[in-house]
Amino acid sequence: MTEHSDARGLPDAPPTRVSRKIGRLAVPMVLGDLLGYLTMLTLVAMVGRMGDQALYVRSLFLPLGMVFSAINAALAVSTQVACSLSKGREKPEDVFPLTVSMTKVWVVLGASLTVVLSLGAPGFAHLFDVSDTARSEFVWFLRWMSVVSLLGFGPALCASALRGFGFARQGLMLTLVSSFTEVALVAWLGLGTGLGIDSLPVAAAVCALAGTAAGLWLMRRAGLWRPGQRAPWRREVLGHVRSVGVPVGATLGLISFYSLALLWVLGPYGEATVAGFSTASSVQSLILMPGIVLGSATAIIFNQARGAGAYGSLGVTYRSGIVLSFAVFAAIAVVTFFARDAIAQVMTGDTDAAAVASEYLGIVALTYAVQGPVLVALTLLEHIGGGRLAVLLNAVYFGGNVVVGAWVCAASDSPHGMYWTVAVFNVVGANVLVAAAAFVNKQVRQNTLAEAAPL
């Protein structure tokens, strides 16, 4: 078979080789995300041992803290994309100025949010109807966590820069350092010394500083940063924030509204239904996580090829990521379907809630074989400049689910109407694969024509 070349004479990589590259990136990234998920569960379990009020205060902070998480994720993904392009251009010297410039964007956005949350803490306590006994502690906790959250961008930024340049294993090492430090400190200070929930901002601050130091050290070892290196402002980071970060943040916002809307639809069917659905949703988030990671890994290879001008390999990269995800999620879907009862029982001790969770997974699980690759395509779109298209497709999916699901539930007088609606929309969502392929082909044509045009 003759090997094809792109407009610049760069050979296209065989699909199997591209799939292996995506897999090598995705495995440590999946492990890192799993570790982050387990860290969160561990912290929740430890806070639960600090008394009911500690868990209550942290639960109240959670939706406000998600705003920080959304901005953090949006800027981290933007950094990853910028560094992937630098890898393709073989310019490691650009990574440090890019990360410093993105940090400046974070300082402006994060500091503004910190001021709003700190000054508005008493107002949020009133809005959430916080009990008198917990009000002062909630205000104190919100103010300190909002300040400490400013520091948390350091490790995330370093990890994104490393992943974008292809050093996914170093990014995993950084996650290990951050997670171990935070869990160990909360266990020692919160439980060992009796500091309680006050240990969380202390641990978060130390973890952020240690993670940033470790991240800079790993970047130095990888040749992406030299002590004393100048970091002039890089204006292109604003373009990455607009084209990548804003759509990522918008998608996270859509997911939050979607989750609340589904709970509103299912609320009339009783506490067991809501609890069971929430349990199944938590399981689903973990099950579908590899789809987001595979999409991110595919996007890294894709953007590295864009940076190198190897436009002929973009279509192969897209197809390789999708085919790999079909193989992964076919196995995940089958295992989840047959293990649904055991999964539900492990996740909750409430018999009625476990039954609801099992029912939901019984209806939806097999559609994960399609939804996983769809998530890969949507994530890729967000990372390669198709963010507006991804947001539109997500809005149609989430909005359609809520509107149609509410109507079916009302018509059937059963929460199963929502479960079947989700399953049908997951299958119909395969149209996203076609839309993403069309966007990739358009990018290939446009870039190839631009390269071929006379100067």
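Residues numbered from 1 in each chain as written. Predicted model: local features only at pLDDT ≥ 70, side-chain atom pairs only at ≥ 80, totals over all residues. Heavy atoms only, no water.

> Describe the pattern of salt bridges, listing the residues and the values that go with them.
With the rule as written, the count across this model stands at two salt bridges. In this structure, arginine 234 engages aspartate 94 in a salt bridge whose closest nitrogen and oxygen atoms are separated by 3.3 Å. Of the two residues, arginine 234 sits in the loop between α8 (199-221) and α9 (236-266) while aspartate 94 sits in the loop between α2 (52-88) and α3 (95-119), which places them 140 residues apart along the sequence. The same class applies to arginine 234 and to aspartate 94, which are both buried. Salt bridges here are not isolated pairs; linked through shared partners, they connect Asp94, Arg234 and Glu236. (Salt bridge = Lys/Arg side-chain N within 4 Å of Asp/Glu carboxyl O. Helix = DSSP H or I, 4+ residues; strand = E, 2+ residues; numbered from the N terminus. Buried < 20%, exposed > 50% of the residue type's maximum accessible area, 1.4 Å probe, protein only.)

> For the nonpolar core, give the residues involved together with the corresponding values.
Judged by nonpolar contacts, the single largest core of 38 residues is most densely connected at Phe138 and Leu142. Top contributing element to this core by residue count: α2, with eight residues. Leave out the neighbours within four places in its chain, and leucine 142 touches Phe61, Leu64, Leu117, Ala121 and Phe124. With 37 residues, the next largest nonpolar core counts Met29, Ala299, Val316 and Tyr318 among its residues. (Core = buried A, V, L, I, M, F, W, Y, C linked by side-chain atoms within 4.5 Å. Contact = heavy atoms within 4.5 Å.)

> I'd like to hear about a positive patch on the surface, residue by residue, with values.
Together, Arg17, Arg20, Lys21, Arg24 and Lys87 make up a positively charged patch on the protein surface. In terms of residue count, helix α1 (residues 15-48) provides more of the positive patch than any other element does, four residues in total. Assignment of secondary structure puts lysine 21 in helix α1. By relative accessible area, which is 31% here, lysine 21 ends up partly exposed. (Patch = residues over 30% accessible without salt bridge, like charges linked within 9 Å, V, L, I, M, F, W, Y side chains within 5 Å. Areas by Shrake-Rupley, 256 points an atom, 1.4 Å probe, with all protein chains shown as cover. Lys, Arg positive; Asp, Glu negative; His and termini not counted. Charge placed at Lys NZ, Arg CZ, Asp CG, Glu CD.)

> Please give an account of a nonpolar patch on the surface that cites residues and values.
There is a patch of nonpolar side chains on the surface, built from Leu38, Met40, Leu41, Val44 and Leu55 and spanning about 380 Å² of accessible area. Among the elements that take part in the nonpolar patch, α1 stands out by supplying four residues, more than any other. As for its placement among the helices and strands, leucine 55 is situated in helix α2.

> Just give me the short version of the environment of phenylalanine 167, but keep the residues and values in it.
With respect to the helices and strands, the residue phenylalanine 167 is situated in the loop between α6 (153-164) and α7 (168-192). Taking relative accessible area as the criterion, phenylalanine 167 reaches 23% and is therefore assigned partly exposed. With 55 residues separating them along the chain, phenylalanine 167 and alanine 222 place their C-alpha atoms 7.9 Å apart. In this view, phenylalanine 167 contacts Leu162, Ala222 and Leu224; residues no more than four positions away in its chain are not counted.

> Explain the confidence of the model for the protein residue by residue, including any values.
Per-residue pLDDT for the protein averages 88, and the proportion of residues at 70 or more is 95%. Within the protein, helix α14 (residues 368-383) carries the highest mean pLDDT (96), whereas helix α17 (residues 431-452) carries the lowest (84). (pLDDT = per-residue confidence, 0-100.)

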